[in-house]
Amino acid sequence: MTVQMIRNAEDLAERYDIAIVGAGPAGMAAATECAKFGLRTIVFDENSEAGGQIYRAITRNTPAARPYLGRDYWRGASLWEAFVATTASYVPAAAVWSLEQQDEEAELRVSVSGRSMIVHAKRVILATGATERPMPVRGWTLPGVMSIGAAQIALKSAGLLPEGRAVLAGSGPLLYLYASQVLAAGGVIDAILDTTPRRYWLQAAPHLLPFLISPYVWKGLGLILKVTRAVRVFRSVTALEINGKDRADGVTFTAGGKTVSLPAKSVFLHQGVIPHANLANAAGCEMGWNDRQKCFAPVVDRQGRSTKASIFIAGDGNGIGGALVAEFDGRIAGLAAGLEVLGKEPSEDLRRYGRLRQKALRGRTFIDLLYQPAPSFRAPAEEDVIVCRCEEVSVGAIRAAADSGVAGPNQLKTMLRCGMGPCQGRMCAATVTEILADAQQRPPTEVGTYRLRPPIKPVPLSEIAALPHTPDAVYAVTGTHSEH
Amino acid sequence: MFRSIESPKSRVRVIVDGREIEADVAASVAAALLGAGMTAVRRSVVGGEPRAPYCLMGICFECLVTIDGVQNRQACMVPVRDGMVISSQRGARTMEVGGQ
């Protein structure tokens, strides 16, 4: 038995038992569980290769060719092998641009090979993963500036290393992981500007014990030791800005009470990851504020059920837990959704995966609290810093709107076009919520986030027009009823 | 801002703004452009500022380029193909009169 690869929209069926969006750890694991039941399962992945971002290019990388990626990366290979051995259908390069619950089932609209189709499923599992939290600083839109996740993707998928002086800035384990991979591959990082405030060790300290018995501790300490021996590390960095006119040529920042300037040809930014929940949000799933992770995430129960009964959300898309948690999350959602379709009671496997998931979460609270991005990087004060990169809306414009009493992010859209460009708020939503909360002294949960609507990815109108339409929809547009 | 550390395996040729570059067959268009030393791929829609790929995972829409005549394609989501014609964009997409 092997997975059925679908590359053309015409080859999709109209109905499936389970549709999964995303082929990272959660999506692959969920599909593997669903297919075990013999359910008609389909996986849509926007990427042309499975693995998600954490296991990017896992289907063609080998430890011999790219040994520098580190041991944890290769866990993805066994997930991929188990997934391709199933009877599921797998559609790479497929953009699901609409999801709606209808009569206890779900309707998806998906663009594949230049054509859109409507697919129905009894249950949908969203495994859309995480995105990097935006890190708006002066100069972050300049060529030569990129996220650290992006630099790591360039390494995993294309064997690209930074050329010339490279600086990493921000907070979180990825700074040290990426630096160690670059060093192992024979590259050079000139400096790490760690923006973690020193006082955050205090807020994280009460949660140190579970962290000390988690697998993170040795890996984390090892990475930090290895990297700090080879790279200059500046700690408690504030007032970071990227210099340059038409491209980045350096950074200026404050560390240890001094202002420092360094030349840099590449500047890589990162301050943690947040759920990529645009599809869940557009489907009307309730979103809730996670104050420890400082982000909105879809509200789910222990098995990943969202507030829409036919929609499950697994992995980082429902709250950040990392690759291993995502894998167990995917298995749990896959089993739970599959059992629901079959009308069966919860199984022992479901409880076992629940325990494994709890174990994999050990130490997460410590990491969340230690690497919480500093307020000045979540809600910047510098008025000229761009927040919405698409529509080029600045901190100053948003703060002025906040002072004039804007009701929330959705009204801000109509005032400033903030969040209305092609990325549909993916790069600014988190910052907008934090700036409004800061300026209006309201809790983020009350400020809220953008209400998104399909299509969540740009689709040519010709593809939408070519979809089958209901008689009511035709009447709404043309004013006449079709004869046949 | 990047250099490739791998010897060429299976290479394809693509045209970027009239210049021919080589890329690994498994690369995305964005990775091919970065690997060839190109950083800025477009001018922004509002301020006309130079912009470059930022996230490489389909999120930021900074890497929008024209590929084989189709505007606003996400370069990081499209694998290279031999003979592909890629051009950088200036500002918003334009209407194609009589086109698709």
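Residues numbered from 1 in each chain as written. Chains lettered and ligands numbered in written order. Predicted model: local features only at pLDDT ≥ 70, side-chain atom pairs only at ≥ 80, totals over all residues. Heavy atoms only, no water.

Draft legend 1. The overall build of chain B, seen in detail. When its secondary structure is counted, chain B shows one helix and nine strands. Walking chain B from its N terminus toward its C terminus, one meets helices and strands in the order β-β-β-α-β-β-β-β-β-β. Based on the C-alpha atoms only, the size of chain B along its principal axes is roughly 40 × 30 × 25 Å. The burial tally for chain B puts 51% of its 100 residues in the buried class. Relative to all contacts within chain B whose residues are 6 or more apart in sequence, the contacts with residues 24 or more apart total 37%. Accessible surface for chain B amounts to roughly 4600 Å². Of this, 49% is attributable to carbon and sulfur atoms. Across chain B, 12 positive and 10 negative side-chain charges occur, with their mean positions spaced 4 Å apart. (Helix = DSSP H or I, 4+ residues; strand = E, 2+ residues; numbered from the N terminus. Buried < 20%, exposed > 50% of the residue type's maximum accessible area, 1.4 Å probe, protein only. Contact = heavy atoms within 4.5 Å. Areas by Shrake-Rupley, 256 points an atom, 1.4 Å probe, with all protein chains shown as cover. Lys, Arg positive; Asp, Glu negative; His and termini not counted. Charge placed at Lys NZ, Arg CZ, Asp CG, Glu CD.)

Draft legend 2. Quick look at the domain arrangement of chain A. Residues and elements named next belong to chain A. The assigned domain composition of chain A is domain 1 (4–131 + 274–346), domain 2 (134–271 + 366–370) and domain 3 (379–447). Computed over C-alpha atoms only, the centres of domain 1 and domain 3 are separated by 30 Å. On the domain 3 side, the residues contacting the six residues of domain 1 number eight residues. The contact between domain 1 and domain 3 buries some 570 Å² in all, and 60% of this surface belongs to carbon and sulfur atoms. Sorting the residues of domain 1 by area buried against domain 3 places Asn278, Trp289 and Phe296 first, and these three jointly supply 67% of that buried surface. (Domains from an automatic or database assignment. Buried area = accessible area lost by both parts, 1.4 Å probe.)

Draft legend 3. Spotlight on the sheet that holds strand β16 (residues 258–263) of chain A. Residue and element names in this part refer to chain A. Reading across from one edge, β14-β15-β16 is the order of the three strands in this open sheet, with antiparallel pairing throughout. Pairing within the sheet leaves two strands with one partner each, and these edge strands are β14 (238–243) and β16. Pairwise comparison of adjacent strand axes, ignoring direction, gives a mean angle of 15 degrees for this sheet. Sheet topology places β14 next to strand β15 (residues 250–255); four bridges connect them, and they run antiparallel. Bridge pairing in β15 links Thr238 to Thr254. (Pairing = 2+ DSSP bridges. Axes fitted to C-alpha atoms, helices over the stretch in contact; angles between N-to-C directions.)

Draft legend 4. Here's a closer look at the environment of Cys418(A). Relative to the elements of secondary structure, Cys418(A) occurs in the loop between α14 (409–416) and α15 (429–440). Excluding residues within four positions of it along the chain, Cys418(A) makes contact with Cys388(A), Val393(A), Ile398(A), Leu412(A), Lys413(A), Cys428(A), Val432(A) and Tyr450(A).

Draft legend 5. Expanded view of the interface of chain B and chain A. Contact residues are listed per partner, giving 35 residues for chain B and 47 residues for chain A. Note on chain B versus chain A: buried area summed over both sides is about 3500 Å², and carbon and sulfur give 60% of it. On the chain B side of the contact with chain A, Met1(B), Phe2(B) and Tyr54(B) bury the most area, a combined 24% of that side's loss. Note that Arg66(A) is salt-bridged to Glu6(B), the shortest N-O span being 2.5 Å. Counting the contacts that link chain B with chain A gives 15 residue pairs in polar contact (both at pLDDT 80 or more). Listed by contribution, the elements that provide at least two residues to the side of chain B that touches chain A are β1 (2–4), α1 (29–35) and β5 (50–51) of chain B. Two strands pair when backbone bridges link them, and strand β10 (residues 160–162) of chain A and β1(B) are joined in this way by three bridges, in the antiparallel orientation. The residue bridging Pro162(A) from the neighbouring strand is Phe2(B), located in β1(B). (Salt bridge = Lys/Arg side-chain N within 4 Å of Asp/Glu carboxyl O. Polar contact = N/O pair within 3.5 Å; in protein donor to acceptor, adjacent residues only side chain to side chain.)

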